[in-house]
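Here's the letter readout for the chains.
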Amino acid sequence: MPPMLPATRSDEPRLSDVLPSCLAAVHGEENRLGLPAVSKAVVVLVDGLGASALRQRTGHARFLSSRFTKRATLVSGFPTTTAAALASLTTGASPGEHGLVGYSALVPATDRVANQLTGWGPDMEPSVWQRRATVFERAAESSIDAAAIGPRRYESSGFTHAVLRGARYVPGDSIADRFDAARAVLDAPGRSISYVYVPELDMTAHAEGWQSDRWTHLLEELDSAVHSFARTLRAGEGMLLTADHGVIDVPSTSHVLFGDDESQMRGVSHVAGEPRCLQLHLDPDLPADARRSILDAWRASEGDRAWVLTRDEAIEAGWFGEVDDEVRPRIGDIIVAAAKNIAYYDGRKLNDSARRMVGQHGSWNSDEVTVPLIRFGGFER
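On a predicted model such as this, the values are computed, not experimentally measured, just so you know.

Conventions and cut-offs
Residues numbered from 1 in each chain as written. Predicted model: local features only at pLDDT ≥ 70, side-chain atom pairs only at ≥ 80, totals over all residues. Heavy atoms only, no water. Helix = DSSP H or I, 4+ residues; strand = E, 2+ residues; numbered from the N terminus. Rg over C-alpha atoms; globule rule 2.2 N^0.38 Å. Contact = heavy atoms within 4.5 Å. Areas by Shrake-Rupley, 256 points an atom, 1.4 Å probe, with all protein chains shown as cover. Salt bridge = Lys/Arg side-chain N within 4 Å of Asp/Glu carboxyl O. Buried < 20%, exposed > 50% of the residue type's maximum accessible area, 1.4 Å probe, protein only. Phe/Tyr/Trp six-rings, centres within 6.5 Å; stacked < 30°, edge-to-face > 60°. Lys NZ or Arg CZ within 6 Å of the ring centre and 35° of its normal. Core = buried A, V, L, I, M, F, W, Y, C linked by side-chain atoms within 4.5 Å. Axes fitted to C-alpha atoms, helices over the stretch in contact; angles between N-to-C directions. Parallel < 35°, antiparallel > 145°, perpendicular 65-115°, else oblique. Pairing = 2+ DSSP bridges.

Draft legend 1. Geometry of the overall build of the chain. Scanning the chain from terminus to terminus reveals 15 helices and 18 strands. Taken over C-alpha atoms, the radius of gyration comes to 21 Å for the chain, in line with the 21 Å a tight globule of 381 residues would show. C-alpha atoms of the chain, sized along the principal axes, occupy 65 × 45 × 35 Å. Counted over contacts in the chain with a minimum sequence separation of 6, partners at least 24 positions apart contribute 73%. Per element, the accessible surface of the chain, about 15,700 Å² overall, is 49% carbon and sulfur.

As structure tokens, then:
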């Protein structure tokens, strides 16, 4: 029996509300998250810190857990992947509007699939490919200082230029370094909005799983750093801690290999997305009956453990939010979003290093979608 389609509610607080609400708070204006007015705002984005994982590790994050109430959560958005989620965070727009629709996506102009984090090329000019103004650009219009604080290795990437444009990049190679940099921004005169990126937990979850000892150790390090920083917050300084998505651990025994079934793959020109959310692009010259046959084959094989939708069905269901016409062809003709604890891999790829990944995300599991929103300083109520 096909799994029930995940519901999307427009009234739920979302990741895309976070930075726009912070900017509104610095302006002293009403906002979606109901944040009180402050003169300086800090958003800490912990990559991969799902609400469920935090609840299951409360003893290792006592400070964060003391502020993490049942209602202190957000909906990340779909797909639950860093490229799409961070672009939504920094623009306040949906993936269908800003254009980063998955971990990897089709570049229609050159007919190639590009990694949205590391695969930027001449056919993906950051200021064009990411189609919306950032909150940082809007802050600059009001003479509000905007800073993005993260590891040095990301400073000059195409992804950074796409989603953090308008902010000055401040490198910090350790978690402690980044919080020191955030404190320096707060100490400077004038109004400001800062973004602090913590990728370590997500990286470890991919390599070892979020249930690993190493992941738990990093959570303890983060908890200590946040506690120390929060104690320095002064009047008029507010901080939010959130995440781009959560993570589930998928054992290799739950990998689903595809590629050998001609009824599924004949006419598929590109496979994009990620292991928990495939985006299949079909040959544009493929007739309608052949397209339907491929869709039927995927539904027959995977329909009891994944949501298998056409692009139009996914857009109609609101999965990508409002979708601009120019973004539509970046989305796969067929979406295969894992409903169960599985991950899809192309069995035709030999020695695929991606199959060593333990922690996974990308689909609609509540552990992937629901993330914390914890308030500190001037944002506490």
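So much for the structure itself; the text now carries on.
Draft legend 2. Expanded view of the pattern of salt bridges. Applying the stated rule across the entire model yields 23 salt bridges. Its salt-bridge partner being arginine 32, residue aspartate 17 comes within 3.3 Å of it at the nearest N-O pair. Separated by 15 residues along the polypeptide, aspartate 17 in the segment before α1 (18–27) and arginine 32 in the loop between α1 and β1 (40–46) bring together distant segments of the chain. What makes aspartate 17 buried here is its relative accessible area of 11%. In this structure, the salt-bridge partner of aspartate 333 is arginine 291, at a minimum N-O distance of 3.4 Å. On the criterion of sequence distance, the pair formed by aspartate 333 in the loop between α14 (311–316) and β14 (334–338) and arginine 291 in helix α13 (residues 288–302) is long-range, its members being 42 residues apart. Judged by its relative accessible area of 23%, arginine 291 is partly exposed. Taken together, the shared-partner salt bridges in this structure form one network comprising Arg131, Arg132, Asp324 and Glu326.

Draft legend 3. Structural detail: the packing of aromatic side chains. Tallied over the entire structure, the rule returns eleven aromatic pairs. Aromatic side chains phenylalanine 78 and tryptophan 364 sit 4.9 Å apart centroid to centroid with 5° between the ring planes, which places their arrangement in the stacked category. Here tryptophan 364 lies in the loop between β16 (359–360) and α15 (366–369) and phenylalanine 78 lies in the loop between β2 (73–75) and α4 (82–91), a separation of 286 residues in the sequence. For the pair formed by phenylalanine 78 and tryptophan 364, the shared burial category is buried. Over the ring of tryptophan 129 we find arginine 330, and its NZ or CZ is 3.4 Å from the ring centre.

Draft legend 4. Quick look at the nonpolar core. Among the nonpolar cores identified, the biggest contains 85 residues, and Leu49, Ile193 and Phe376 are the most heavily contacted of them. Ranked by residue count, the leading element in this core is helix α11 (residues 213–230), at eight residues. Leaving out residues up to four positions away in the same chain, leucine 49 has contacts with Leu54, Leu201, Trp215, Leu219, Leu222, Leu241, Ala243, His245, Gly246, Val371 and Pro372.

Draft legend 5. Broad picture of the packing of helix α10 (residues 200–208) against α11. Between α10 and α11, the shortest axis-to-axis distance is 9 Å and the interhelical angle comes to 170°. In this view, α10 runs roughly antiparallel relative to α11, as classed from their interaxial angle. For the pair α10 and α11, contact is made by Glu200, Leu201, Thr204, Ala205 and Glu208 and by Arg214, Trp215, Leu218 and Leu219, respectively.

Draft legend 6. Examining the pairing of strand β13 (residues 306–310) more closely. Among the five residues of β13, five are classified as buried, and the element is accordingly described as predominantly covered. Side-chain alternation along β13 places Ala306, Val308 and Thr310 on one buried face and Trp307 and Leu309 on a second face that is also buried.

Draft legend 7. Quick look at α1. With eight of ten residues buried, α1 lies mostly within the body of the structure. Among all positions in α1, only Val18, Leu19, Ser21, Cys22, Leu23, Ala24, Ala25 and Val26 are buried. Here the buried face of α1 lies against β1, β2, α4, α7 (135–140), β7 (192–198) and β8 (237–242). Within two residues after α1, glycine 28 carries a phi angle of roughly 75°, on the positive side.

Draft legend 8. Quick peek at the environment of glycine 96. Mapped onto the fold, glycine 96 is located in helix α5 (residues 95–98). In this structure, the C-alpha to C-alpha distance between glycine 96 and aspartate 325, residues 229 residues apart in sequence, is 8.8 Å. What glycine 96 contacts, discounting residues up to four positions off in sequence, is Phe320, Glu322, Val323, Asp324 and Val327.

Draft legend 9. View of the sheet that holds β8. The mixed open sheet is built from six strands, whose spatial order is β6-β5-β7-β1-β8-β18. Either end of the sheet is taken by a strand with one partner, and the two such strands are β6 (168–171) and β18 (374–377). Strand after strand, the sheet turns through a mean of 20° between neighbouring axes, direction not considered. Where β1 lies against β8, six bridges are found, and the strand directions are parallel. Across the sheet, the residue bridging to leucine 45 is threonine 242, located in β8.

Draft legend 10. Summary view of the side chain of glutamine 360. The residue glutamine 360 is located in strand β16 in this model. Beyond its immediate stretch of four places on either side in the chain, glutamine 360 contacts Gly246, Val247, Ile248, Val250, Pro275, Arg276, Ala343, Tyr345 and Glu368.

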